[in-house]
2 protein chains.
Amino acid sequence: MFEARLDQAVLLKKLLEAMKDLVNDANFECSPSALSLQAMDTSHVALVAMQLRSDGFAHFRCDRNLSMGMNLNNMSKCLKCAANDDIITLKAEDTGDSLTFLFESANQERHSDFELKLMDIDSEQLGIPDTEYSATVKMPSGEFQRIAKDLGTIGDTVLMSVTKDGIKFSSSGDIGSANITVRQNTNVKDQEDATVIDLQEPVSLSFALKYINSFAKATPLSPQVILRLSKDLPLVVEYRIQDMGHLSFYLAPKVDDEDEMGEE
Amino acid sequence: MFEARLDQAVLLKKLLEAMKDLVNDANFECSPSALSLQAMDTSHVALVAMQLRSDGFAHFRCDRNLSMGMNLNNMSKCLKCAANDDIITLKAEDTGDSLTFLFESANQERHSDFELKLMDIDSEQLGIPDTEYSATVKMPSGEFQRIAKDLGTIGDTVLMSVTKDGIKFSSSGDIGSANITVRQNTNVKDQEDATVIDLQEPVSLSFALKYINSFAKATPLSPQVILRLSKDLPLVVEYRIQDMGHLSFYLAPKVDDEDEMGEE
DNA sequence: CTAGATCACC
DNA sequence: GGTGATCTAG
């Protein structure tokens, strides 16, 4: 059987809020080492990859590998029935066709269980090569979200340019154009406010702001976001989940000459 | 060239929030002494006049007079990309066709520039005679806004009657009628809460509440509003901008017998 | 002033 | 239903 206990329901709630707009259905893969998920977004453009390591759970038992197909919207609905500080336990039989969510209030006064039916989902599990990236930028996630939102009012596309000094986000549209530069800055009181750039080679890539803004829904998961860029490789937008794992998004760069005309 | 630096972006943000619902496009006039704007509202009924004196800016340079035509909605969109406490700098070349907004976060970690295209706008610069008014009322701007909003639920028109003791706002409509009187009151701990009446002659005038409510969008600019009234002259609704200038609105009184029938 | 939540508009 | 605006609490 599979059983996983998490002291803070809020973590799972935020995780689903961050994924459900991008992905309708996905398989949660359970193994003795982790609970993980990998799925393409609805339009088959972006990839979502999540991992929660078993040692991060208050209790974790997985007798044999399981693949649990879920509708993320329904799962999110279910999780909304848990209070943020509820203790949450996921349970499934090895041969069952359902996943049970158990919510206990911190003081044990209330406990609820919700049972969701599992679905059969075709999933193409993609191998994600472990690449060396030309540029890695760690910055405050709230600032990244704000930049993506602001540029979204100006244009559809953002050009990200990383140099050793900082990262520049540029966009243009009908009403004008905008450049937002965030400087490397490690001289901060709180490490959460730092911007750190690890550069092998300067890089400049364009991405659709629509997806970047969807990724930024994961902001509540972590005070920092990590961007990884390399020429001709998908951008990685990674949110670390405290001591447990991560939620990462992958998005292929836009090629210049398909920008406006939509030609294939 | 033109260059103006303001330590608090929030001031410009509030200014545009207060004007953009009334005026679509307008020319910002730059001179060595001030940045100013004058425009009729979309329906050509009310007049908006704004002035920010150059000595109120942290830095101000204007080599020659410039008239910069802007779409106020686009300018507002752009300003929404600035944080409230950003330092904001406006820049334009004498011969250019664009205005650049530079935003710097207080800690210099982030800096953004937005470039908006300028427009050609016909503007009839009106001379506003410097009149002696029969009545001048200074009162808390929040109270004025609340009164305009409340009376707007009762009727379309407000009758303002000023006597030496106070100002009475009256309105009536299908569901009934309302009178709200604010007394002169200078005996307050905080000068922002004072109501001061300067009366040459009692006066009673009617105005369309629709415009009054639009003017009240400027409330965040100042804790006090100044109303100036004279028979047969436009009402002036003035918001002082701390040490820098003002945003004023002008609205002609309604003539009694054209109230309901709309006869010309 | 930021963050969260609720509410109104699109 | 999603987005933006407002209000409140920290």
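Remember, predicted model here, so these are calculated numbers, not experimental data.

**Q** Sorry if this is basic, but what is going on with the relation of the copies chain B and chain A here?
**A** What relates the two chain copies is a rotation about an axis together with a slide along it. Relative to chain A, chain B is turned by 115° and slid 0.1 Å along the rotation axis, the superposed coordinates differing by an RMSD of 0.1 Å. Such values leave the two copies arranged in the relation of a three-fold axis.

**Q** Honestly, the interface of chain B and chain A in this entry has me stumped. Any pointers?
**A** Each partner contributes residues to the interface: chain B has 16 residues there, and chain A has 17 residues. Of the roughly 1500 Å² buried at the junction of chain B and chain A (both faces included), carbon and sulfur atoms supply 45%. At the surface where chain B touches chain A, the tally comes to one salt bridge. Two residues, A:E143 and B:R110, come together in a salt bridge whose shortest N-O distance is 3.7 Å. Counting across the interface, chain B meets chain A through eight residue pairs in polar contact (both at pLDDT 80 or more). For the side of chain B that touches chain A, the secondary-structure elements that each account for two or more residues are α2 (72-80) and β9 (110-117) of chain B. It is β9(B) that provides the largest number of residues to the side of chain B that touches chain A, a total of eight residues. Residues of the side of chain B that touches chain A, tallied by class, amount to five nonpolar, four polar and seven charged. As judged from the seven bridges shared by strand β13 (residues 176-183) of chain A and β9(B), these two strands associate in the antiparallel manner. Looking at β9(B), one finds that A:I180 is bridged to B:S112.

**Q** Help me understand the domain arrangement of chain A in this model?
**A** A common way to state how big an interface is: give the accessible area lost once the parts meet. All names here are of chain A. Domain annotation for chain A reports domain 1 (2-117) and domain 2 (135-262). Spacing between the C-alpha centres of domain 1 and domain 2 amounts to 28 Å. Each side of the interface is counted separately: domain 1 has 23 residues, and domain 2 has 18 residues. Between domain 1 and domain 2, a total of about 1700 Å² is buried, with carbon and sulfur atoms accounting for 65% of that surface. The interface formed by domain 1 and domain 2 contains one salt bridge. In this structure, the connection of domain 1 to domain 2 is made through eight residue pairs in polar contact (both at pLDDT 80 or more). In terms of residue count, the dominant contributor to the side of domain 1 that touches domain 2 is strand β4 (residues 46-53) (eight residues). Here the residues of the side of domain 1 that touches domain 2 are counted per class, giving 14 nonpolar, three polar and six charged.

**Q** Where do I start with the UniProt feature "domain: Proliferating cell nuclear antigen PCNA C-terminal" (unreviewed entry) in chain A in this structure?
**A** As annotated by UniProt and renumbered to match this structure, "domain: Proliferating cell nuclear antigen PCNA C-terminal" (unreviewed entry) occupies residues 127-254 of chain A. Taken as a whole, residues 127-254 of chain A contains 15% helix and 45% strand, while its terminal C-alpha atoms sit 22 Å from one another.

**Q** Is there a simple way to explain the sheet that holds strand β15 (residues 203-208) of chain A in this structure?
**A** Hydrogen bonds along the backbone pair up the strands of a sheet, which may run parallel or antiparallel. Strand order in the open sheet formed by nine strands is β15(A)-β11(A)-β12(A)-β13(A)-β9(B)-β8(B)-β7(B)-β1(B)-β5(B), and the pairing between neighbours is antiparallel. Only two strands of the sheet have a single partner each, and these edge strands are β15 of chain A together with β5 (59-62) of chain B. When the angles between neighbouring strand axes are averaged without regard to direction, this sheet yields 15°. Looking at chain direction, strand β12 (residues 166-173) of chain A and β13(A) are connected through eight bridges and run antiparallel.

**Q** Would you take a moment to explain unusual backbone geometry for this structure?
**A** Where the residue is not glycine, phi is negative for most of them; where a peptide bond is considered, it is trans in most cases. All names here are of chain A. Backbone geometry places D232, a non-glycine residue, at a positive phi of 65°. Along the chain, the position of D232 falls in the loop between β16 (224-229) and β17 (235-241). According to the relative accessible area criterion, D232 is exposed, its value standing at 63%.

**Q** Which parts of the structure should I look at to understand the environment of B:D120?
**A** All names here are of chain B. Tracing the chain through its elements places D120 in the loop between β9 and β10 (135-140). Here D120 falls in the exposed class, since its relative accessible area comes to 82%. Along the chain, D120 and G152 lie 32 residues apart, while their C-alpha atoms are 36 Å from each other.

**Q** Explanation requested: the side chain of B:S230 in the structure shown.
**A** Residues and elements named next belong to chain B. Looking at where S230 falls in the secondary structure, it is placed in the loop between β16 (224-229) and β17 (235-241). Using a relative accessible area of 5% as the deciding quantity, one classes S230 as buried. One polar contact links the side chain of S230 to the main-chain amide nitrogen of S134, over a distance of 2.8 Å. S230 has contacts with E132, Y133, S134, V203 and L205, leaving out every residue within four places of it along the chain.

**Q** What is the right way to read the UniProt feature "domain: Proliferating cell nuclear antigen PCNA N-terminal" (unreviewed entry) in chain A from this model?
**A** The sites that carry the UniProt feature "domain: Proliferating cell nuclear antigen PCNA N-terminal" (unreviewed entry) are, in the present numbering, residues 1-124 of chain A. Between the C-alpha atoms that bound residues 1-124 of chain A the distance is 25 Å, and the span itself is 15% helix and 45% strand.

**Q** Help me understand helix α2 (residues 72-79) of chain A in this model?
**A** Think of an α-helix as 3.6 residues a turn; residues three or four steps apart then line up on the same face. All names here are of chain A. Among the residues making up α2, those that are buried are L72, M75, S76, C78 and L79. End-on view of α2: buried residues confined to an arc of 160°, all on one side of the axis. Backbone nitrogen of N73 and a side-chain oxygen of the N-cap are separated by 2.9 Å at the start of α2; the cap is N71.

**Q** Whenever I open this one, the side chain of B:R228 confuses me. Can you help?
**A** All names here are of chain B. Structurally, R228 is set in strand β16. With relative accessibility at 18%, the residue R228 sits in the buried group. A distance of 2.9 Å separates polar atoms of two side chains, one belonging to R228 and the other to E238.

Conventions used here
- Residues numbered from 1 in each chain as written.
- Chains lettered and ligands numbered in written order.
- Predicted model: local features only at pLDDT ≥ 70, side-chain atom pairs only at ≥ 80, totals over all residues.
- Heavy atoms only, no water.
- Least-squares fit on C-alpha atoms with pLDDT ≥ 70 in both.
- Contact = heavy atoms within 4.5 Å.
- Buried area = accessible area lost by both parts, 1.4 Å probe.
- Salt bridge = Lys/Arg side-chain N within 4 Å of Asp/Glu carboxyl O.
- Polar contact = N/O pair within 3.5 Å; in protein donor to acceptor, adjacent residues only side chain to side chain.
- Helix = DSSP H or I, 4+ residues; strand = E, 2+ residues; numbered from the N terminus.
- Nonpolar A, V, L, I, M, F, W, Y, C, P; charged D, E, K, R; others polar.
- Pairing = 2+ DSSP bridges.
- Domains from an automatic or database assignment.
- UniProt positions renumbered as here; feature names shortened; annotations may be inferred.
- Axes fitted to C-alpha atoms, helices over the stretch in contact; angles between N-to-C directions.
- Buried < 20%, exposed > 50% of the residue type's maximum accessible area, 1.4 Å probe, protein only.
- Arc of directions from axis to C-beta.

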